[in-house]
Amino acid sequence: MDLIRGGKGSGDKSAHDKSPHGKAAHDRTVHGKAVHDTSASRNVIIEARGLRHAYRSGREALQGVDVTIGAGEMIAVIGRNGAGKTTLTKHCNGLLKPTAGTVLVGGQDTRNVPVARLARTVGYVFQNPDHMIFHETLFDEVAFGPRNLGLTGVDVTARVEAALSAVGLEGFRDSDPASLSRGQRKRAALAAVLAMETPVIIVDEPTGGQDYREARQIMAILQQLNRRGHTVLFITHDMDLVHEYAHRVLVLNDGRITLDAPPAELFRHEAALQAAGLRLPLAAELARRLAPFGVPTAVDSVDALAAAVARIARGCVGDQDAMAGRAAACQ
Ligand SMILES: Nc1ncnc2c1ncn2[C@@H]1O[C@H](COP(=O)(O)OP(=O)(O)OP(=O)(O)O)[C@@H](O)[C@H]1O
(Lines give C-alpha, C1' and ligand atoms only; values in the text may rest on other atoms or scores of the structure.)
Protein backbone atom coordinates (compact mmCIF):
# COMPACT_ATOMS: atom_id res chain seq x y z
CA MET A 1 0.00 0.00 0.00
CA ASP A 2 1.26 3.48 -0.82
CA LEU A 3 2.24 5.70 2.01
CA ILE A 4 0.02 8.74 2.36
CA ARG A 5 1.31 10.19 5.60
CA GLY A 6 4.86 11.21 4.91
CA GLY A 7 8.30 10.57 6.30
CA LYS A 8 11.94 11.22 6.04
CA GLY A 9 12.87 7.60 5.72
CA SER A 10 16.24 8.00 7.38
CA GLY A 11 15.67 5.23 9.88
CA ASP A 12 17.78 7.35 12.19
CA LYS A 13 16.53 6.98 15.76
CA SER A 14 18.29 10.15 16.81
CA ALA A 15 16.42 12.19 14.22
CA HIS A 16 14.06 13.56 16.88
CA ASP A 17 17.02 15.35 18.40
CA LYS A 18 18.20 17.31 15.44
CA SER A 19 16.97 19.34 12.55
CA PRO A 20 14.97 17.33 10.02
CA HIS A 21 17.33 18.80 7.45
CA GLY A 22 20.26 17.25 9.26
CA LYS A 23 21.86 20.67 9.80
CA ALA A 24 23.03 22.26 13.00
CA ALA A 25 20.39 24.44 14.67
CA HIS A 26 21.01 27.93 16.08
CA ASP A 27 18.73 30.41 17.75
CA ARG A 28 17.30 33.19 15.63
CA THR A 29 14.32 35.48 15.64
CA VAL A 30 11.31 35.11 13.38
CA HIS A 31 8.83 37.97 13.54
CA GLY A 32 10.14 38.92 16.97
CA LYS A 33 9.98 35.41 18.49
CA ALA A 34 13.04 33.40 19.30
CA VAL A 35 13.11 30.25 17.21
CA HIS A 36 15.65 27.69 16.22
CA ASP A 37 17.32 28.27 12.94
CA THR A 38 18.99 26.01 10.43
CA SER A 39 20.88 27.14 7.38
CA ALA A 40 18.15 25.38 5.40
CA SER A 41 15.40 27.19 7.29
CA ARG A 42 15.79 30.29 5.17
CA ASN A 43 15.06 28.16 2.12
CA VAL A 44 11.66 28.05 0.54
CA ILE A 45 10.04 24.69 1.12
CA ILE A 46 6.53 25.33 -0.26
CA GLU A 47 5.54 27.90 -2.84
CA ALA A 48 2.09 28.55 -4.36
CA ARG A 49 1.70 30.87 -7.32
CA GLY A 50 -1.68 31.93 -8.74
CA LEU A 51 -3.20 28.90 -7.03
CA ARG A 52 -6.87 28.30 -7.79
CA HIS A 53 -8.98 25.34 -6.80
CA ALA A 54 -12.48 24.58 -7.98
CA TYR A 55 -14.28 21.51 -6.63
CA ARG A 56 -16.37 19.42 -9.01
CA SER A 57 -19.45 21.11 -7.57
CA GLY A 58 -18.13 24.29 -9.17
CA ARG A 59 -17.25 25.87 -5.80
CA GLU A 60 -14.09 27.98 -6.25
CA ALA A 61 -12.47 27.37 -2.87
CA LEU A 62 -9.17 29.10 -3.78
CA GLN A 63 -9.19 32.11 -6.05
CA GLY A 64 -5.57 32.99 -6.71
CA VAL A 65 -3.28 32.33 -3.76
CA ASP A 66 0.36 33.41 -3.76
CA VAL A 67 2.38 32.32 -0.77
CA THR A 68 5.92 31.28 0.04
CA ILE A 69 6.69 29.15 3.09
CA GLY A 70 10.23 29.00 4.38
CA ALA A 71 11.67 25.90 5.98
CA GLY A 72 11.55 26.24 9.78
CA GLU A 73 8.53 28.56 9.96
CA MET A 74 5.60 28.10 12.35
CA ILE A 75 2.51 29.40 10.61
CA ALA A 76 -1.12 29.68 11.70
CA VAL A 77 -3.74 29.55 8.95
CA ILE A 78 -6.94 31.24 10.05
CA GLY A 79 -10.25 32.39 8.61
CA ARG A 80 -13.98 31.84 8.91
CA ASN A 81 -15.60 28.47 8.16
CA GLY A 82 -15.40 27.71 4.45
CA ALA A 83 -12.67 30.31 3.78
CA GLY A 84 -10.46 27.71 2.08
CA LYS A 85 -7.96 26.84 4.84
CA THR A 86 -8.19 23.06 4.47
CA THR A 87 -8.18 23.31 0.69
CA LEU A 88 -5.00 25.41 0.77
CA THR A 89 -3.14 23.12 3.15
CA LYS A 90 -4.15 20.01 1.20
CA HIS A 91 -2.38 21.58 -1.77
CA CYS A 92 0.76 21.75 0.33
CA ASN A 93 1.14 17.97 0.29
CA GLY A 94 -0.41 17.23 -3.08
CA LEU A 95 -3.66 15.75 -1.74
CA LEU A 96 -5.32 18.28 -4.05
CA LYS A 97 -3.92 19.45 -7.38
CA PRO A 98 -4.33 23.00 -8.69
CA THR A 99 -7.13 23.83 -11.09
CA ALA A 100 -4.85 26.71 -12.14
CA GLY A 101 -1.51 28.02 -10.96
CA THR A 102 1.26 25.98 -9.38
CA VAL A 103 2.37 24.56 -6.05
CA LEU A 104 5.99 23.60 -5.57
CA VAL A 105 7.04 21.41 -2.63
CA GLY A 106 10.79 21.22 -2.23
CA GLY A 107 10.99 22.75 -5.70
CA GLN A 108 8.86 20.02 -7.29
CA ASP A 109 5.55 20.72 -8.99
CA THR A 110 2.89 18.79 -7.06
CA ARG A 111 1.17 17.83 -10.33
CA ASN A 112 4.20 15.81 -11.35
CA VAL A 113 4.93 13.99 -8.09
CA PRO A 114 2.91 11.14 -6.53
CA VAL A 115 1.27 11.98 -3.21
CA ALA A 116 3.17 9.09 -1.63
CA ARG A 117 6.49 10.77 -2.49
CA LEU A 118 5.37 14.24 -1.36
CA ALA A 119 4.23 12.65 1.87
CA ARG A 120 7.86 11.98 2.72
CA THR A 121 8.30 15.74 3.01
CA VAL A 122 4.89 16.85 4.32
CA GLY A 123 2.94 15.01 7.02
CA TYR A 124 -0.73 15.91 7.29
CA VAL A 125 -3.05 15.45 10.26
CA PHE A 126 -6.66 15.65 9.10
CA GLN A 127 -9.27 17.72 10.88
CA ASN A 128 -11.25 14.53 11.40
CA PRO A 129 -8.82 11.89 12.74
CA ASP A 130 -11.14 9.08 11.62
CA HIS A 131 -10.17 9.87 8.03
CA MET A 132 -6.71 8.48 8.70
CA ILE A 133 -7.19 5.77 11.32
CA PHE A 134 -7.85 2.26 10.07
CA HIS A 135 -5.76 -0.29 12.01
CA GLU A 136 -6.90 -2.51 14.88
CA THR A 137 -4.27 -1.48 17.39
CA LEU A 138 -2.72 1.88 18.06
CA PHE A 139 0.73 0.36 17.67
CA ASP A 140 -0.02 -0.84 14.13
CA GLU A 141 -1.66 2.46 13.33
CA VAL A 142 1.44 4.47 14.21
CA ALA A 143 3.79 1.79 12.80
CA PHE A 144 2.11 1.94 9.39
CA GLY A 145 4.11 4.90 8.12
CA PRO A 146 7.57 3.81 9.31
CA ARG A 147 6.93 0.30 7.91
CA ASN A 148 6.07 1.86 4.57
CA LEU A 149 9.42 3.58 4.67
CA GLY A 150 11.03 0.16 4.89
CA LEU A 151 11.85 0.25 8.59
CA THR A 152 11.52 -2.97 10.60
CA GLY A 153 11.83 -4.41 14.11
CA VAL A 154 13.33 -2.21 16.80
CA ASP A 155 13.51 0.79 14.47
CA VAL A 156 9.73 0.71 14.02
CA THR A 157 9.15 0.11 17.73
CA ALA A 158 11.40 3.03 18.67
CA ARG A 159 9.55 5.39 16.31
CA VAL A 160 6.14 4.24 17.58
CA GLU A 161 7.07 4.49 21.24
CA ALA A 162 8.59 7.96 20.82
CA ALA A 163 5.53 9.21 18.93
CA LEU A 164 3.00 7.73 21.39
CA SER A 165 4.94 9.10 24.32
CA ALA A 166 5.09 12.58 22.70
CA VAL A 167 1.28 12.73 22.54
CA GLY A 168 0.70 11.11 25.94
CA LEU A 169 -0.75 7.85 24.61
CA GLU A 170 2.05 5.47 25.64
CA GLY A 171 -0.36 3.44 27.77
CA PHE A 172 -2.64 2.69 24.81
CA ARG A 173 -0.35 0.94 22.32
CA ASP A 174 -2.47 -2.24 22.26
CA SER A 175 -5.83 -0.45 22.29
CA ASP A 176 -8.21 -0.39 19.36
CA PRO A 177 -8.09 3.24 18.11
CA ALA A 178 -11.87 3.08 17.69
CA SER A 179 -12.21 2.70 21.47
CA LEU A 180 -10.38 5.99 22.15
CA SER A 181 -12.10 9.33 22.72
CA ARG A 182 -12.18 11.78 19.81
CA GLY A 183 -9.47 13.86 21.47
CA GLN A 184 -7.30 10.76 21.92
CA ARG A 185 -7.90 9.75 18.29
CA LYS A 186 -6.74 13.19 17.19
CA ARG A 187 -3.54 12.70 19.18
CA ALA A 188 -3.19 9.19 17.73
CA ALA A 189 -3.40 10.70 14.24
CA LEU A 190 -0.72 13.21 15.24
CA ALA A 191 1.46 10.38 16.56
CA ALA A 192 1.11 8.57 13.22
CA VAL A 193 2.49 11.64 11.47
CA LEU A 194 5.22 12.25 14.09
CA ALA A 195 6.48 8.71 13.55
CA MET A 196 7.25 9.65 9.95
CA GLU A 197 9.58 12.50 10.98
CA THR A 198 8.66 14.66 8.00
CA PRO A 199 10.38 18.04 7.63
CA VAL A 200 6.94 19.70 7.28
CA ILE A 201 3.97 18.96 9.53
CA ILE A 202 0.49 20.31 8.83
CA VAL A 203 -2.22 19.94 11.44
CA ASP A 204 -5.82 20.85 10.68
CA GLU A 205 -7.34 22.06 13.98
CA PRO A 206 -4.71 20.58 16.34
CA THR A 207 -6.74 21.33 19.45
CA GLY A 208 -10.10 20.10 18.14
CA GLY A 209 -11.75 17.75 20.65
CA GLN A 210 -9.09 18.45 23.30
CA ASP A 211 -9.63 19.86 26.77
CA TYR A 212 -7.53 22.88 27.82
CA ARG A 213 -4.63 20.83 29.20
CA GLU A 214 -4.52 18.50 26.18
CA ALA A 215 -4.72 21.44 23.79
CA ARG A 216 -1.72 23.09 25.47
CA GLN A 217 0.13 19.78 25.37
CA ILE A 218 -0.43 19.44 21.63
CA MET A 219 0.64 23.01 20.94
CA ALA A 220 3.76 22.44 23.06
CA ILE A 221 4.58 19.37 20.94
CA LEU A 222 4.22 21.39 17.74
CA GLN A 223 6.35 24.19 19.19
CA GLN A 224 9.05 21.72 20.18
CA LEU A 225 9.03 20.18 16.71
CA ASN A 226 9.40 23.64 15.21
CA ARG A 227 12.31 24.40 17.54
CA ARG A 228 13.98 21.27 16.26
CA GLY A 229 13.73 22.66 12.74
CA HIS A 230 10.43 21.27 11.44
CA THR A 231 8.19 23.57 9.46
CA VAL A 232 4.77 23.60 11.13
CA LEU A 233 1.47 24.85 9.70
CA PHE A 234 -1.63 24.68 11.81
CA ILE A 235 -5.21 25.62 11.07
CA THR A 236 -7.11 27.03 14.00
CA HIS A 237 -10.06 29.17 15.04
CA ASP A 238 -8.40 29.99 18.38
CA MET A 239 -6.89 33.47 18.08
CA ASP A 240 -5.11 33.16 21.42
CA LEU A 241 -3.23 30.07 20.23
CA VAL A 242 -2.28 31.99 17.09
CA HIS A 243 -0.88 34.81 19.18
CA GLU A 244 1.03 32.54 21.48
CA TYR A 245 2.49 29.94 19.14
CA ALA A 246 2.67 31.20 15.55
CA HIS A 247 5.49 33.26 14.08
CA ARG A 248 3.39 34.16 11.07
CA VAL A 249 -0.34 34.32 10.44
CA LEU A 250 -2.07 33.75 7.12
CA VAL A 251 -5.66 34.99 7.03
CA LEU A 252 -7.84 33.44 4.35
CA ASN A 253 -11.06 35.08 3.30
CA ASP A 254 -13.20 33.67 0.52
CA GLY A 255 -10.37 31.78 -1.14
CA ARG A 256 -7.77 34.54 -0.95
CA ILE A 257 -5.00 35.43 1.49
CA THR A 258 -6.04 38.82 2.81
CA LEU A 259 -3.41 39.19 5.52
CA ASP A 260 0.08 37.77 6.04
CA ALA A 261 1.60 39.19 9.23
CA PRO A 262 3.43 38.32 12.43
CA PRO A 263 1.07 37.86 15.43
CA ALA A 264 2.45 40.90 17.25
CA GLU A 265 1.27 43.04 14.34
CA LEU A 266 -2.32 41.78 14.32
CA PHE A 267 -3.56 44.80 16.31
CA ARG A 268 -2.74 46.94 13.25
CA HIS A 269 -5.06 44.87 11.10
CA GLU A 270 -8.26 44.71 13.12
CA ALA A 271 -10.38 45.72 10.11
CA ALA A 272 -8.92 42.92 7.96
CA LEU A 273 -9.55 40.45 10.79
CA GLN A 274 -13.13 41.62 11.19
CA ALA A 275 -13.70 41.32 7.45
CA ALA A 276 -12.53 37.72 7.71
CA GLY A 277 -14.89 37.05 10.63
CA LEU A 278 -12.07 37.07 13.22
CA ARG A 279 -11.32 39.00 16.37
CA LEU A 280 -8.06 40.23 17.85
CA PRO A 281 -6.31 37.84 20.24
CA LEU A 282 -7.26 38.72 23.83
CA ALA A 283 -3.75 39.91 24.77
CA ALA A 284 -3.60 42.16 21.68
CA GLU A 285 -7.03 43.59 22.44
CA LEU A 286 -6.06 44.31 26.06
CA ALA A 287 -2.73 45.83 25.00
CA ARG A 288 -4.56 48.14 22.62
CA ARG A 289 -6.95 49.28 25.36
CA LEU A 290 -4.08 49.78 27.79
CA ALA A 291 -1.99 51.80 25.31
CA PRO A 292 -2.84 55.10 27.09
CA PHE A 293 -0.99 53.70 30.13
CA GLY A 294 2.12 53.13 28.06
CA VAL A 295 1.57 49.41 27.34
CA PRO A 296 3.14 48.56 23.98
CA THR A 297 0.51 47.45 21.46
CA ALA A 298 2.85 45.04 19.68
CA VAL A 299 2.70 42.25 22.27
CA ASP A 300 2.69 38.69 21.02
CA SER A 301 1.65 36.79 24.14
CA VAL A 302 -0.14 37.04 27.48
CA ASP A 303 3.27 36.80 29.18
CA ALA A 304 4.59 39.80 27.24
CA LEU A 305 1.47 41.77 28.13
CA ALA A 306 1.71 40.83 31.81
CA ALA A 307 5.39 41.85 31.91
CA ALA A 308 4.61 45.22 30.30
CA VAL A 309 1.73 45.89 32.70
CA ALA A 310 3.84 44.88 35.71
CA ARG A 311 6.65 47.22 34.63
CA ILE A 312 4.26 50.13 34.33
CA ALA A 313 2.43 49.31 37.58
CA ARG A 314 5.76 49.29 39.47
CA GLY A 315 6.66 52.67 37.98
CA CYS A 316 3.26 54.11 38.86
CA VAL A 317 3.18 53.22 42.55
CA GLY A 318 3.02 56.55 44.36
CA ASP A 319 1.70 58.29 41.28
CA GLN A 320 -1.98 57.50 41.81
CA ASP A 321 -3.19 60.87 40.54
CA ALA A 322 -1.46 60.40 37.19
CA MET A 323 -2.90 56.87 36.88
CA ALA A 324 -6.40 58.10 37.68
CA GLY A 325 -6.01 60.82 35.07
CA ARG A 326 -4.99 58.33 32.38
CA ALA A 327 -7.79 55.97 33.35
CA ALA A 328 -10.29 58.81 32.96
CA ALA A 329 -8.74 59.74 29.61
CA CYS A 330 -9.26 56.27 28.18
CA GLN A 331 -12.89 55.85 29.30
N1 LIG B 1 -15.00 18.04 -1.47
C2 LIG B 1 -15.63 19.21 -1.65
N3 LIG B 1 -16.54 19.36 -2.63
C4 LIG B 1 -17.17 20.54 -2.84
N5 LIG B 1 -16.95 21.65 -2.12
C6 LIG B 1 -16.05 21.56 -1.11
C7 LIG B 1 -15.34 20.34 -0.82
N8 LIG B 1 -14.52 20.56 0.22
C9 LIG B 1 -14.69 21.84 0.58
N10 LIG B 1 -15.61 22.43 -0.21
C11 LIG B 1 -16.07 23.83 -0.15
O12 LIG B 1 -14.94 24.66 -0.41
C13 LIG B 1 -14.96 25.80 0.45
C14 LIG B 1 -13.67 25.83 1.26
O15 LIG B 1 -13.68 24.69 2.11
P16 LIG B 1 -12.50 24.42 3.15
O17 LIG B 1 -12.82 23.13 3.83
O18 LIG B 1 -11.20 24.55 2.45
O19 LIG B 1 -12.70 25.64 4.14
P20 LIG B 1 -12.10 25.85 5.60
O21 LIG B 1 -11.68 27.27 5.69
O22 LIG B 1 -11.11 24.81 5.91
O23 LIG B 1 -13.43 25.65 6.49
P24 LIG B 1 -13.61 25.05 8.00
O25 LIG B 1 -13.03 26.06 8.94
O26 LIG B 1 -15.11 24.97 8.12
O27 LIG B 1 -12.94 23.72 8.05
C28 LIG B 1 -16.22 25.68 1.30
O29 LIG B 1 -17.25 26.41 0.68
C30 LIG B 1 -16.54 24.19 1.25
O31 LIG B 1 -17.93 23.97 1.38
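As a convention, each chain's residues are numbered from 1 in the sequence order in which they are written. In keeping with the predicted nature of the model, local features appear solely for residues at pLDDT of at least 70, side-chain atom pairs appear and are counted solely at 80 or more, and the whole-chain, interface and lining totals rest on all residues.

Turning our eyes to something else, we now look at the site of the ligand. Think of it this way: take the backbone, place a C-beta atom on it, and check whether that atom is within 6 Å of the molecule or strand, in which case the residue is near it. Residues in contact with the ligand, as listed here, are Tyr 55, Ser 57, Arg 59, Ala 61, Gly 79, Asn 81, Gly 82, Ala 83, Gly 84, Lys 85, Thr 86 and Thr 87. Helix numbers and strand numbers start at the N terminus; a helix is a DSSP run of H or I with at least 4 residues, a strand a run of E with at least 2. With three residues, the top contributor of residues to the shell around the ligand is helix 1 (residues 85-91). By residue class, the composition of the shell around the ligand is three nonpolar, seven polar and two charged. As a working rule, the residues Ala, Val, Leu, Ile, Met, Phe, Trp, Tyr, Cys and Pro are called nonpolar, Asp, Glu, Lys and Arg charged, and the rest polar, with Gly in that last group.

This paragraph deals with the domain arrangement of the chain. For the purposes of this description, domain bounds are those given by an automatic or database domain assignment. Partitioning the chain into domains gives domain 1 (42-121 + 200-213 + 226-278), domain 2 (127-197) and domain 3 (281-316). For domain 1 and domain 2, the distance between their C-alpha centroids amounts to 25 Å. By definition, residue pairs are in contact when their C-beta atoms, positioned from the backbone, come within 7 Å. Facing the eight residues of domain 1 at the interface are six residues of domain 2. Of the residues forming the side of domain 1 that touches domain 2, the biggest block, three residues, is contributed by strand 9 (residues 200-204).

Turning our eyes to something else, we now look at the sheet that holds strand 3 (residues 44-54). A pair of strands counts as paired when DSSP detects no fewer than two bridges linking them. Here we have four strands laid out as an open sheet, ordered 4-3-6-7, and antiparallel in their pairing. At either end of the open sheet lies a strand with only one pairing partner, and these are strand 4 (60-70) and strand 7 (108-109). Strand direction decides the pairing type here: strand 6 (residues 100-105) and strand 7, joined by two bridges, are antiparallel. From the neighbouring strand, Leu 104 faces strand 7, where its bridge partner is Asp 109.

To continue, consider helix 6 (residues 212-227). In this model helix 6 runs 22 Å from its N-terminal to its C-terminal C-alpha over 16 residues, within 8% of the 22 Å that 1.5 Å per residue would give. With C-beta atoms placed from the backbone, a residue is labelled by how many other C-beta atoms lie within 10 Å of its own: buried for 20 or more, exposed for 12 or fewer, partly exposed between the two. Three or more residues of helix 6 are buried, namely Ile 218, Met 219, Ile 221, Leu 222, Leu 225 and Asn 226. The arc enclosing the buried residues of helix 6, seen along the axis, measures out at 150 degrees, which places them on a common side. In helix 6, the exposed residues that point more than 90 degrees away from the buried face are Tyr 212, Arg 213 and Ala 220. Just downstream of helix 6, Gly 229 is the residue with a positive phi angle, here 110 degrees. Under the convention used throughout, the expected extent of a helix is 1.5 Å for every residue step, that is, one less than its residue count. Arc definition: it is the arc formed by the directions from the helix axis to the C-beta atoms.

Quick look at unusual backbone geometry now. For Glu 197, which is not a glycine, the phi torsion comes out positive at approximately 55 degrees. Note on placement: Glu 197 falls in the loop between helix 5 (182-194) and strand 9. With 27 C-beta atoms packed within 10 Å, Glu 197 lands in the buried category. In this model, Glu 205 sits at a positive phi of 55 degrees, which is unusual for a non-glycine residue.

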